[in-house]
Amino acid sequence: MSLTMLPAAQPAPLCWRRSFPGGPEQARNARRFVGCLLDGCPFLDDVLLAADELVVNALRHSKSGQVGGSFTVQVVRDGGLVAVSVTDQGGPGEPAALDAAELAESGRGLRTISLTARSWGWHGNGEGRTVTAVFAGEWAA
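Note that this is a predicted model, so its numbers are computed, not measured.

*Asks:* Outline the side chain of D88, listing residues and values.
*Replies:* Of note, D88 is situated in strand 3 (residues 81-88). Among the polar contacts made by the side chain of D88, one reaches the main-chain amide nitrogen of G90 at a distance of 2.8 Å. Each residue touching D88, except ones within four places of it in the same chain, is listed here: A58, S62, S64, G128 and R129.

Set out below in C-alpha coordinates:
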(Lines give C-alpha, C1' and ligand atoms only; values in the text may rest on other atoms or scores of the structure.)
Protein backbone atom coordinates (compact mmCIF):
# COMPACT_ATOMS: atom_id res chain seq x y z
CA MET A 1 0.00 0.00 0.00
CA SER A 2 1.35 3.43 -0.87
CA LEU A 3 1.58 6.25 1.63
CA THR A 4 -1.02 8.23 -0.28
CA MET A 5 -3.61 5.57 0.55
CA LEU A 6 -3.11 5.67 4.33
CA PRO A 7 -5.86 7.40 6.27
CA ALA A 8 -5.01 10.78 7.73
CA ALA A 9 -3.68 10.52 11.27
CA GLN A 10 -6.03 11.88 13.92
CA PRO A 11 -4.45 14.31 16.35
CA ALA A 12 -4.02 12.90 19.84
CA PRO A 13 -6.27 14.31 22.57
CA LEU A 14 -4.72 17.10 24.62
CA CYS A 15 -4.88 16.80 28.40
CA TRP A 16 -3.86 19.26 31.09
CA ARG A 17 -4.11 18.88 34.87
CA ARG A 18 -3.33 21.25 37.72
CA SER A 19 -3.84 21.07 41.47
CA PHE A 20 -4.88 24.10 43.52
CA PRO A 21 -4.95 24.80 47.26
CA GLY A 22 -8.46 24.72 48.72
CA GLY A 23 -9.04 28.44 49.27
CA PRO A 24 -12.01 30.32 47.79
CA GLU A 25 -9.67 32.68 45.91
CA GLN A 26 -8.52 29.70 43.84
CA ALA A 27 -11.75 29.64 41.80
CA ARG A 28 -10.46 32.64 39.82
CA ASN A 29 -7.10 30.92 39.26
CA ALA A 30 -8.84 27.76 38.06
CA ARG A 31 -10.96 29.79 35.57
CA ARG A 32 -7.82 31.50 34.29
CA PHE A 33 -6.10 28.10 33.87
CA VAL A 34 -9.02 26.74 31.82
CA GLY A 35 -9.45 29.93 29.81
CA CYS A 36 -5.80 30.08 28.76
CA LEU A 37 -5.86 26.47 27.59
CA LEU A 38 -8.99 26.87 25.49
CA ASP A 39 -8.29 30.17 23.73
CA GLY A 40 -10.51 30.30 20.65
CA CYS A 41 -13.04 27.78 21.95
CA PRO A 42 -16.46 28.79 20.57
CA PHE A 43 -18.23 27.65 23.76
CA LEU A 44 -15.63 28.91 26.22
CA ASP A 45 -18.15 30.83 28.33
CA ASP A 46 -20.10 27.64 29.04
CA VAL A 47 -16.91 25.72 29.87
CA LEU A 48 -15.74 28.49 32.23
CA LEU A 49 -19.13 28.60 33.94
CA ALA A 50 -18.97 24.83 34.46
CA ALA A 51 -15.38 24.95 35.73
CA ASP A 52 -16.28 27.69 38.19
CA GLU A 53 -19.34 25.83 39.44
CA LEU A 54 -17.45 22.56 39.87
CA VAL A 55 -14.65 24.29 41.79
CA VAL A 56 -17.06 26.18 44.05
CA ASN A 57 -18.95 22.94 44.75
CA ALA A 58 -15.69 21.17 45.61
CA LEU A 59 -14.79 23.95 48.04
CA ARG A 60 -18.26 24.21 49.55
CA HIS A 61 -19.30 20.56 49.77
CA SER A 62 -16.10 18.56 50.25
CA LYS A 63 -13.00 18.36 52.40
CA SER A 64 -11.19 20.33 49.68
CA GLY A 65 -12.53 23.55 51.19
CA GLN A 66 -11.15 22.80 54.65
CA VAL A 67 -7.81 24.00 55.98
CA GLY A 68 -5.08 22.17 54.09
CA GLY A 69 -7.49 20.99 51.39
CA SER A 70 -6.89 20.96 47.66
CA PHE A 71 -8.62 20.14 44.39
CA THR A 72 -7.50 19.27 40.87
CA VAL A 73 -8.80 20.62 37.57
CA GLN A 74 -8.36 18.60 34.40
CA VAL A 75 -9.11 19.78 30.87
CA VAL A 76 -9.22 17.41 27.91
CA ARG A 77 -9.64 18.53 24.31
CA ASP A 78 -10.30 15.90 21.69
CA GLY A 79 -11.29 17.43 18.36
CA GLY A 80 -14.53 19.32 18.96
CA LEU A 81 -15.02 17.88 22.45
CA VAL A 82 -13.89 19.54 25.66
CA ALA A 83 -14.19 17.88 29.06
CA VAL A 84 -13.55 19.80 32.26
CA SER A 85 -13.26 17.81 35.49
CA VAL A 86 -12.74 18.76 39.12
CA THR A 87 -11.50 16.18 41.59
CA ASP A 88 -12.08 16.96 45.26
CA GLN A 89 -11.20 15.27 48.54
CA GLY A 90 -14.66 13.87 49.17
CA GLY A 91 -17.38 14.69 51.59
CA PRO A 92 -20.96 13.87 52.51
CA GLY A 93 -23.67 13.73 49.88
CA GLU A 94 -23.57 13.21 46.15
CA PRO A 95 -23.57 15.74 43.32
CA ALA A 96 -27.08 16.18 41.88
CA ALA A 97 -28.76 18.59 39.48
CA LEU A 98 -31.65 19.88 41.59
CA ASP A 99 -34.43 22.35 41.00
CA ALA A 100 -33.71 25.12 43.50
CA ALA A 101 -36.52 27.01 45.18
CA GLU A 102 -37.36 30.30 43.49
CA LEU A 103 -35.81 32.42 46.25
CA ALA A 104 -32.89 30.10 47.03
CA GLU A 105 -29.48 31.76 46.90
CA SER A 106 -27.73 28.63 45.62
CA GLY A 107 -28.44 25.21 44.22
CA ARG A 108 -28.70 25.95 40.49
CA GLY A 109 -25.15 25.22 39.33
CA LEU A 110 -25.35 21.57 38.35
CA ARG A 111 -28.79 22.15 36.80
CA THR A 112 -27.25 24.89 34.65
CA ILE A 113 -24.39 22.58 33.66
CA SER A 114 -26.88 19.85 32.76
CA LEU A 115 -28.60 22.30 30.40
CA THR A 116 -25.47 23.70 28.71
CA ALA A 117 -23.15 20.68 28.54
CA ARG A 118 -23.50 17.76 26.17
CA SER A 119 -23.28 15.55 29.25
CA TRP A 120 -22.07 15.54 32.84
CA GLY A 121 -21.48 12.98 35.52
CA TRP A 122 -19.44 12.01 38.52
CA HIS A 123 -17.71 9.09 40.17
CA GLY A 124 -16.13 8.57 43.56
CA ASN A 125 -17.15 8.43 47.19
CA GLY A 126 -16.71 10.19 50.52
CA GLU A 127 -12.93 9.96 50.18
CA GLY A 128 -12.77 11.74 46.83
CA ARG A 129 -14.83 12.29 43.74
CA THR A 130 -14.53 13.68 40.25
CA VAL A 131 -17.28 15.65 38.53
CA THR A 132 -16.98 16.11 34.75
CA ALA A 133 -18.84 18.23 32.20
CA VAL A 134 -18.41 17.52 28.48
CA PHE A 135 -19.03 20.15 25.79
CA ALA A 136 -19.05 19.81 22.00
CA GLY A 137 -18.92 22.18 19.06
CA GLU A 138 -17.04 23.12 15.93
CA TRP A 139 -13.81 25.05 16.35
CA ALA A 140 -12.66 27.46 13.64
CA ALA A 141 -9.89 26.01 11.54
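Now that the structure is up, let's keep going.
*Asks:* Describe the packing of aromatic side chains, with residues and values.
*Replies:* By convention here, two paired aromatic rings are described through the distance between centres and the angle between planes. Tallied over the entire structure, the rule returns three aromatic pairs. Measuring from ring centre to ring centre gives 6.0 Å for F20 and F33, while their planes differ by 70°; the resulting arrangement is edge-to-face. With F20 in strand 1 (residues 14-21) and F33 in helix 1 (residues 26-37), this residue pair connects regions lying 13 residues apart in the sequence. You can call F33 buried: its relative accessible area is 14%. Relative to F135, the ring of F43 has its centre 6.4 Å away and its plane inclined at 20°; by these criteria the two rings are stacked. Residue F43 is found in the loop between helix 1 and helix 2 (44-61), and its partner F135 is found in strand 5 (residues 128-136); the two are separated by 92 residues along the sequence. Aromatic rings pair up to connect F20, F33 and F71 into one cluster.

What counts, and at which threshold
- Residues numbered from 1 in each chain as written.
- Predicted model: local features only at pLDDT ≥ 70, side-chain atom pairs only at ≥ 80, totals over all residues.
- Heavy atoms only, no water.
- Helix = DSSP H or I, 4+ residues; strand = E, 2+ residues; numbered from the N terminus.
- Polar contact = N/O pair within 3.5 Å; in protein donor to acceptor, adjacent residues only side chain to side chain.
- Contact = heavy atoms within 4.5 Å.
- Phe/Tyr/Trp six-rings, centres within 6.5 Å; stacked < 30°, edge-to-face > 60°.
- Buried < 20%, exposed > 50% of the residue type's maximum accessible area, 1.4 Å probe, protein only.

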